Amino acid sequence: MTKAALQAYRAALRATRVAFNGDEKILRASRMKIREGFDKKRTLANQEEVDKAITDLNEVAKFLVKNIVQAEKQEGDRYFLKFHKGTELGDNATIKQNNKKNMGSLAGAKVRRCSDNK
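Thresholds applied
- Residues numbered from 1 in each chain as written.
- Predicted model: local features only at pLDDT ≥ 70, side-chain atom pairs only at ≥ 80, totals over all residues.
- Heavy atoms only, no water.
- Helix = DSSP H or I, 4+ residues; strand = E, 2+ residues; numbered from the N terminus.
- Contact = heavy atoms within 4.5 Å.
- Core = buried A, V, L, I, M, F, W, Y, C linked by side-chain atoms within 4.5 Å.
- Buried < 20%, exposed > 50% of the residue type's maximum accessible area, 1.4 Å probe, protein only.
- Axes fitted to C-alpha atoms, helices over the stretch in contact; angles between N-to-C directions.
- Parallel < 35°, antiparallel > 145°, perpendicular 65-115°, else oblique.
- Left-handed = near helix turned anticlockwise from the far one by under 90°.
- Nonpolar A, V, L, I, M, F, W, Y, C, P; charged D, E, K, R; others polar.

1. Side note on the environment of Ala-11
Stage number 1. Looking at where Ala-11 falls in the secondary structure, it is placed in helix H1 (residues 3-19).
Stage number 2. Note: C-alpha distance between Ala-11 and Lys-62 (51 residues apart in sequence) is 8.7 Å.
Stage number 3. In this structure Ala-11 touches Asn-58 and Ala-61, once residues within four positions along its chain are discounted.

Following this line, the structure appears as structure tokens:
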């Protein structure tokens, strides 16, 4: 086991602590999943495969910290989102820059208008 692999494994475990803080059930499940994946890749012999596995695990850790936000149900249909300092908060710059005419629908298909059927 290389030092880089161990660092990636530890980073992934730290990321689960940040992403799932306070939710012991999900925290344990995510750590078990990371452990299972790490154990499966432990026997890789090809250095390129090892490097790819380490890169993938580091990407998982980054994704967990930046993109996972816990929500706590409040009264009614309201939720309290638990952002932390590592949460990536996007802005609408990409939406504003794109021409709305060329944007697709949320389903991924282009929006068609009746006037387009000529």
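2. What to know about the nonpolar core
Stage number 1. One finds Tyr-9, Ile-34 and Leu-57 to be the most contacted residues of the largest nonpolar core, which totals 16 residues.
Stage number 2. Mapped by element, the contributors of at least two residues to this core are H1, helix H2 (24-41) and helix H3 (47-67).
Stage number 3. A total of seven residues in this core trace back to one element, the largest contributor, which is H1.
Stage number 4. Discounting residues that sit within four places of it in the chain, Leu-57 has contacts with Ala-8, Tyr-9, Ala-12, Ile-34 and Phe-38.

3. Details of the packing of H1 against H3
Stage number 1. Packing of H1 against H3 leaves a shortest axis separation of 8 Å and a crossing angle of 20 degrees. By the angle between their axes, H1 is roughly parallel relative to H3. The chirality of how H1 crosses H3 is left-handed. On the side of H1, the interface is formed by Ala-4, Ala-5, Ala-8, Tyr-9, Ala-11, Ala-12, Ala-15, Thr-16, Val-18 and Ala-19, while H3 contributes Ile-54, Leu-57, Asn-58, Ala-61, Leu-64 and Val-65.
Stage number 2. Looking at the contact of H1 with H3, its residues break down into 14 nonpolar, two polar and no charged.

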